[in-house]
Amino acid sequence: MIRLTNITRTPVFPEAPGRIGVFDSGYGGLTILNGIRRHLPEYDYLYLGDNARAPYGSRSFDLVYRFTFEAVKTLFRHGCHLVILACNTASAKALRTIQQNDLPRMDAHRRVLGVIRPTVEEITCSPSTSHVGILATPGTVQSRSYSLEIEKLDPGINVTEVACPLWVPLIENNEAHSPGADYFVKKYIDILLDRDPEIDTIILGCTHYPILMDKIRQFTPEGIRIIAQGDLVGRSLADYLTRHPEMERLCSKGGSVEFLTTENEEKFNALAELFLHHPISSSHIEIL
């Protein structure tokens, strides 16, 4: 059972603009941060990776909710009025509860957004989409969040989901570009296409997976559209801020980015460079 405890009320009308918070259980959310910053470079960002408690993919709904809510509160305490859950597992297992139950109790003017809804909107607006494959972590597949969201927007689309439990370890062990990764990338794509040979669109339902994009394209037949989330989440957020000027005014604009991790900073910096392709400096934080 989910119990709501220790909820601290925040001011209804925050006095000063704050950074946009971006949260992930690990490193994959850095691909989302990259996509957002490509579309919205003028804003300030605060990235929080709960690397010490990752991965979230195999955790229960209750535990993912608790960890995610703790991270959201941490970002709120650091002055963020808008937080993006740049994690499919957190979006699948925690977002709805936070939006519907927690935010009204804390501060109805703060916002928490996820990555699943904009991804689904992207594929359901395309008339050529009829058979969708989801490649994701076991936790995201188990939640059926993609299937349920797609059914809401277009019940005529056939959805097939396949869990890829070995892809994240390959990436985080810096094996994404090694010849040995070929077998495991091909394996899950073959399973997906065996289950539905009519797949026309594949969603990479884990923010780590774009790191494997070259190999995914290599083993995916031509003509199948592959959806990575970074750019489309960036476009969706830009649209959201245009439609919600009251929130846009609460987002500071200095073009800065800061990185926080619950893990060792040196380890985070080294792995983050694989995702960002440039060196960074992070700070350690304890999530309470």
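Residues numbered from 1 in each chain as written. Predicted model: local features only at pLDDT ≥ 70, side-chain atom pairs only at ≥ 80, totals over all residues. Heavy atoms only, no water.

Q: Is there a simple way to explain the environment of aspartate 214 in this structure?
A: By secondary structure assignment, the location of aspartate 214 is in helix α10 (residues 213–219). Residue class for aspartate 214 comes out exposed when judged on its relative accessible area of 60%. (Helix = DSSP H or I, 4+ residues; strand = E, 2+ residues; numbered from the N terminus. Buried < 20%, exposed > 50% of the residue type's maximum accessible area, 1.4 Å probe, protein only.)

Q: Can you help me understand the packing of helix α2 (residues 61–77) against helix α4 (residues 95–106) in this one?
A: Each pair of packed helices can be summarised by the angle the axes make with each other and by the distance between the axes. Between α2 and α4, the shortest axis-to-axis distance is 12 Å and the interhelical angle comes to 40 degrees. Judged by the inter-axis angle, α2 sits oblique to α4. Between α2 and α4 the crossing geometry is right-handed. Contact residues: α2 offers Tyr65, Thr68, Phe69, Val72, Lys73 and Phe76, while α4 offers Thr97, Ile98, Asp102, Leu103 and Met106. Tallied by class, the residues present in the contact of α2 with α4 amount to seven nonpolar, two polar and two charged. (Axes fitted to C-alpha atoms, helices over the stretch in contact; angles between N-to-C directions. Parallel < 35°, antiparallel > 145°, perpendicular 65-115°, else oblique. Left-handed = near helix turned anticlockwise from the far one by under 90°. Contact = heavy atoms within 4.5 Å. Nonpolar A, V, L, I, M, F, W, Y, C, P; charged D, E, K, R; others polar.)

Q: Help me understand the pattern of salt bridges, please; the structure alone is not making it clear to me.
A: When their charged atoms lie close together, side chains carrying opposite charge are able to pair. Inspection of every chain in the model, using the stated rule, returns 17 salt bridges. For arginine 235, the salt bridge identified is with glutamate 122, shortest N-O distance 3.2 Å. Separated by 113 residues along the polypeptide, arginine 235 in helix α11 (residues 229–243) and glutamate 122 in helix α5 (residues 116–124) bring together distant segments of the chain. Since its relative accessible area comes to 38%, arginine 235 is described here as partly exposed. (Salt bridge = Lys/Arg side-chain N within 4 Å of Asp/Glu carboxyl O.)

Q: Could you clarify how one ought to interpret α11 in this entry?
A: Since one α-helical turn is 3.6 residues long, residues separated by three or four positions face the same way. Taking 1.5 Å per residue, 15 residues should reach 21 Å; α11 reaches 21 Å between its end C-alpha atoms and fits that length. Those residues of α11 not exposed but buried are Gln229, Gly230, Leu232, Val233, Gly234, Leu237, Tyr240 and Leu241. (Expected span 1.5 Å × (residues − 1).)

Q: For this particular structure, what's the right way to read the sheet that holds strand β8 (residues 225–227)?
A: Strand-to-strand pairing in sheets goes through backbone hydrogen bonds, with the strands running parallel or antiparallel. Read from one edge to the other, the open sheet built from four strands follows the order β6-β5-β7-β8, with strand pairing classed as parallel. Every interior strand has two partners, whereas the edge strands, β6 (158–163) and β8, have only one. Direction aside, neighbouring strands of the sheet carry axes that sit 20 degrees apart on average. Strand direction decides the pairing type here: strand β7 (residues 201–205) and β8, joined by three bridges, are parallel. (Pairing = 2+ DSSP bridges.)

Q: Looking at this model, I keep getting lost on the sheet that holds strand β9 (residues 257–261). Mind explaining?
A: Read from one edge of the open sheet, six strands run β4-β3-β1-β2-β9-β10, paired in parallel fashion. The sheet is open, and its two borders are formed by β4 (111–113) and β10 (282–284), each paired with just one other strand. Sheet twist, expressed as the average angle between the axes of neighbouring strands with direction ignored, equals 25 degrees. Here strand β3 (residues 82–85) runs beside β4; their pairing, made up of three bridges, is parallel. In the sheet register, leucine 82 faces β4, and the bridge partner there is arginine 111. Each of β3 and β4 is contacted by α11, which is oriented at about 155 degrees to β3, the strand it contacts most.

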